[in-house]
Amino acid sequence: MNLRIDKKTDVEGLLSRVENFASSLSADETTVAEITTIASEIAYNIIKYAPEGTLSLEYLENAKCVRIAASDCGPGFADVFEDAMKDGFSSSGSLGLGLPSLVRMCDELDVTTSSHGTKIICIKGI
Amino acid sequence: MIQLGQSSRPYGGLEGMGDFFLHIVREADDLIVVGDVGGHGQRIVGQAAEAVKHAVKDNADLAIDELMAMVAQMRHIKTLGLALFVGCIPKGTPILMYQCVGNLLLFLQRGDRVIELSRQEGLLGLAAPENISSKAIKLVDNDHLFISSDGIVKAVKQNFLDCLDGRDLPGAAEKILADYGKPNDDAMCVVVRFIKSGAGLGTSYTVPSKERAKTRRTETALVSDKPAPASASVKPSGDKSDREYRELLSAQKLTSFDDQFRIYSIANSDEMQLDEQDLFVSLHYSPLTAERLVALVDYLVRDARLKVKILTVVLEVIKNIDTQVNVYVNDRFVWFRFSAQKTLAKQLFPLFGRGVFFYSENEQACVIRLLLDHDVDTGSEEFSEIREMVRFGLNKDSYRNFKDHQKKDSLINQQAKLASMGEMIGAIAHQWRQPLNEIAIRVQQLHYFYARNRVDENYVEDFVSTNLNTIDFMSRTIDDFRNFFRVDKERELFSIKDAVSGVLSLQEAQLKKYEIAVEFESDNYQFLGYKSELQQVILNLLSNAKDAFEEQGSEERKIRIMCSEGTISVEDNAGGMPDAVAQRIFEPYFTTKDHAKGTGVGLYICKTIVEKNLHGKLSYTAVENGSKFTIQFAEQ
């Protein structure tokens, strides 16, 4: 499923669709909750920091996993990159990207950010 | 934690070597720098590499992007160009963060899998990309990161595991250099093994004190510079006397309080060891934290003062120290557990006091334990709703919205199901009308034949067998439709010839009755799919042709079925149809028949079956004095 996110996006509706999608793939509540939480973190980040972006969820049947990909054309966070990614080591505490939680919840994570935008790919096994 | 092996070989003398490597153990992470200055064998190249190494060492406290920007501005680099990798692996989090510009070899070996790590084309200083991307990749235990200059041939990628086989990392690096190093260039490679620390994520963190937060980028760390194998890291002298002195001072002021702290807050292991099953949620700073926390505390804590106190403390901890707070709940207690240094613990202790606040010096962690002042049923729906709400970072209103959406979504699903049920019932009715009619006629005739004494044993036998046949057909229709709507049915390899023959034998009586001659030719094409569904489609097409013959009152009635190489065509000479009708025949509920005969689902269902379930195409073409339907299967 492909979802477009901008400032007017109805996050609750979006999350409901993500949850619906996740629960069609897995009966495990924790997995469903984690996929939804990953989508929630990403969606809120896009809304907060970028003019608009996209979020897509795809079930990869062969690998038995969900690929959650997001991209936006916002200003990125290369300038605070290490602080934003590290757990418990941010100096100011005002970054609030929630990225460490993505690291924790997904099986594979690939983040690319520059002043031209941000791309995040999360793989979560089912 | 990481292990590291490195090996290098200059093309000419060591002083002309442009490849270089640094491993700097910083307080929070391991910094790894690999570079390749443009050119080799010239003195200036070696000098430039040395200059970059020194600059990085002197500024080892800078962030990755700052280091990149600094190096790009260096004098020789601006003329020679530099391929550079700057990356770090934090101590608490399993990720590699890096920037990489230029022609370096960079990949991750995970088990049998080689994961290419992206880098940007260009040369730092000379032709740097306009925008340098920062990358982060999650690491898993025993991942091997390989970085080398272009003096190592790319074939190493496929054979990396062989090079690693049974060797320590410096040995593996030597082996790679020996087997894959180019003879006509400087060559250097680094192998890094990531070992996930036993504690794992989310259980313990070392948290920097506030002092550190302010001065974190001035404390210079440990530096190793020799591009020599093995002992690449050197221990730092470290200057902590200042902080220790300050701690000593404050400790002296607070002697009596200190005693209290020591006596009442220091936890025994029971108080620190919380049951993972009771873990309610892990909170860390994100745009959603405050809402999450308010919802949680609102639900768990009734006492207003305590509520404010715990909210303030936990938010402060999450925001300012930026650590994770784990919340545990069972039916008696709620616990908040987070990492903190002793100084912070001392500040927090008087807010809560004995029996509530615990601190473990070994684990550098605090636990605040509150006795629940009302019953919390951890098995209740309310409890799981709150948990969901907190996890997804929704406040009460948006959670209600979320739930409404959930209801709507399931309603839409339900409606879609009902719609297809409706279609199914329509289709069954369509299929059944004819046989029901047949049975009705036969039953009505019974009176007539009886009155004329024509009901003998033969008649009864014939009556029973024809009616049973018809009923059997009706029952099969239901099975076929049930199969059509079942999602779990299995695809099978079947011969199209058999499938069509099956339908023809089913319809034999009907065809005879309406005096329709069927010509059937087929090759032995095998198809992997749902046999009963294809039969359903053929059945519908035959039944449509029959209706058309009746309507037209045709004299010579002929249906030609040709099957060849995955194409089935069903052609009749029933007069065809006008263009306007032909354009609409595949629409749902479109029919030219009167209501007694058709509901119009027939061809629509046929098309749906062919496209969705058989992945083929159903099309109509007008032929001379008739119609032709063609089913074309996709290549398998």
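Fair warning: this is a prediction, and the values are worked out from it, not measured in the lab. (Residues numbered from 1 in each chain as written. Chains lettered and ligands numbered in written order. Predicted model: local features only at pLDDT ≥ 70, side-chain atom pairs only at ≥ 80, totals over all residues.)

**Some words on the overall build of chain A**
Note the cut-off: Helix numbers and strand numbers start at the N terminus; a helix is a DSSP run of H or I with at least 4 residues, a strand a run of E with at least 2. As a rule, residues whose C-beta atom has 12 or fewer other C-beta atoms within 10 Å are exposed, those with 20 or more are buried, and those in between are partly exposed; C-beta atoms are placed from the backbone.
Helix and strand content of chain A: four helices and five strands. The secondary structure elements of chain A, listed N-terminal to C-terminal, are β-α-α-β-β-α-α-β-β. With 126 residues in all, chain A has 50% of them scored as buried.

**Digging into the nonpolar core**
This is how it is decided: Only buried residues count toward a nonpolar core: Ala, Val, Leu, Ile, Met, Phe, Trp, Tyr and Cys, linked into one set through C-beta atoms within 7 Å. In this description, any two residues whose backbone-derived C-beta atoms lie within 7 Å of each other are considered to be in contact.
B:Leu82, B:Val190 and B:Cys366 are the most contacted members of the largest nonpolar core, which totals 142 residues. Counting residues per element, this core draws most heavily on helix H2 (residues 29-49) of chain A, at eight residues. Apart from residues lying up to four places away in sequence, B:Cys366 is in contact with B:Phe338, B:Ala340, B:Ala345, B:Leu348, B:Phe357, B:Phe358 and B:Tyr359. Counting 33 residues, the second-largest nonpolar core is a separate cluster that includes B:Ala499, B:Val500, B:Ile516 and B:Leu618.

**Some points on the confidence of the model for chain B**
Residues and elements named next belong to chain B. Note the threshold: Confidence scores per residue from the predictor, reported as pLDDT, run from 0 to 100.
Taken as a whole, chain B shows an average pLDDT of 78; of its residues, 80% reach a score of 70 or greater. Every residue in residues 198-242 scores below 50 in pLDDT, and together they form 81 contacts with partners more than four places removed in sequence or on other chains. Predicted complex, confidence summary: ipTM 0.84, pTM 0.50.

**What to know about the sheet that holds strand E4 (residues 108-114) of chain A**
Put simply, the rule reads: Any two strands are treated as partners once DSSP identifies two or more bridges connecting them. Orientation is described by axes fitted as lines to C-alpha atoms, over the contacting stretch for helices, and by angles from 0 to 180 degrees between their N-to-C directions.
The sheet built from 10 strands is open, its strands ordered E1(A)-E2(A)-E3(A)-E5(A)-E4(A)-E8(B)-E5(B)-E4(B)-E3(B)-E2(B) with antiparallel pairing. The open sheet has two edge strands with one neighbour each: strand E1 (2-6) of chain A together with strand E2 (19-25) of chain B. Across this sheet, the average inter-strand angle for adjacent strands is 15°, counted without regard to direction. Sheet topology places E1(A) next to strand E2 (residues 52-60) of chain A; five bridges connect them, and they run antiparallel. For A:Asp6, the partnering residue across the bridge sits in E2(A) and is A:Glu52. Running over the sheet, helix H2 (residues 64-72) of chain B touches strand E4 (82-90), strand E5 (95-101) and strand E8 (134-138) of chain B and is turned about 160° from E4(B).

**Some thoughts on the sheet that holds strand E13 (residues 333-339) of chain B**
All names here are of chain B. Spatial strand order, E11-E12-E13-E15-E14: five strands in an open sheet with antiparallel pairing. Edge positions in the sheet fall to strand E11 (279-283) and strand E14 (357-360), since each has one partner strand and no second. With direction set aside, neighbouring strand axes in the sheet form an average angle of 20°. Examined bridge by bridge, strand E12 (residues 325-329) and E13 share five bridges and lie antiparallel to one another. Within the sheet, the bridge partner assigned to Tyr 328 lies in E13 and is Trp 335. Against the sheet, helix H10 (residues 289-300) contacts E11, E12 and E13, and its axis sits at roughly 150° relative to E11.

**Describing the environment of B:Arg560**
All names here are of chain B. Here Arg 560 is to be found in strand E19 (residues 558-564). Along the sequence, Arg 560 and Ala 517 sit 43 residues apart, while their C-alpha atoms lie 8.5 Å from each other. With sequence-adjacent residues up to four places away left out, Arg 560 is seen in contact with Glu 519 and Glu 571.

**Describing the environment of B:Glu382**
Residues and elements named next belong to chain B. Among the secondary structure elements, Glu 382 is positioned in helix H13 (residues 381-392). The exposed category is assigned to Glu 382, around which 10 C-beta atoms lie within 10 Å. Put simply, Glu 382 and Tyr 299 are 83 residues apart on the chain and 9.4 Å apart in space, counted from C-alpha to C-alpha.

**Some remarks on the environment of A:Ala43**
All names here are of chain A. Positionally, Ala 43 belongs in helix H2. The buried category is assigned to Ala 43, around which 21 C-beta atoms lie within 10 Å. The spatial distance from the C-alpha of Ala 43 to the C-alpha of Arg 4 is 9.5 Å, given a sequence separation of 39 residues. Setting aside residues up to four positions removed in sequence, Ala 43 forms contacts with Ile 5, Val 11, Leu 14 and Leu 55.

**A short note on H2(B)**
As a reminder, the rule being used: To obtain the arc, one takes the directions from the helix axis to the C-beta atoms.
Residues of H2(B) that are buried include every one of B:Ile64, B:Leu67, B:Met68 and B:Val71, and no others. Seen along its axis, H2(B) keeps its buried residues to an arc of 100°; they face one direction.

**Observations concerning unusual backbone geometry**
All names here are of chain B. Here Glu 565, not a glycine, exhibits a phi torsion of approximately 45°, which is positive. Its location among the elements puts Glu 565 in the loop between E19 and strand E20 (567-572). On the basis of neighbour count, Glu 565 is assigned to the exposed category, with 9 C-beta atoms found within 10 Å. One non-glycine residue with positive phi stands out, namely His 615, at about 50°. Tracing the sequence through the fold places His 615 in the loop between helix H19 (602-613) and strand E21 (616-623).

**A short note on the pairing of E4(B)**
All names here are of chain B. For E4, the tally of buried residues reaches nine of nine residues, placing the bulk of the element in the interior. Here E4 shows two buried faces, one formed by Leu 82, Leu 84, Val 86, Cys 88 and Pro 90 and the other by Ala 83, Phe 85, Gly 87 and Ile 89. Sheet analysis places E4 next to E5, joined by five bridges and oriented antiparallel. Directly across from Val 86, in E5, lies its bridge partner Gln 99. The antiparallel hairpin formed by E4 and E5 contains four residues in its connecting segment.

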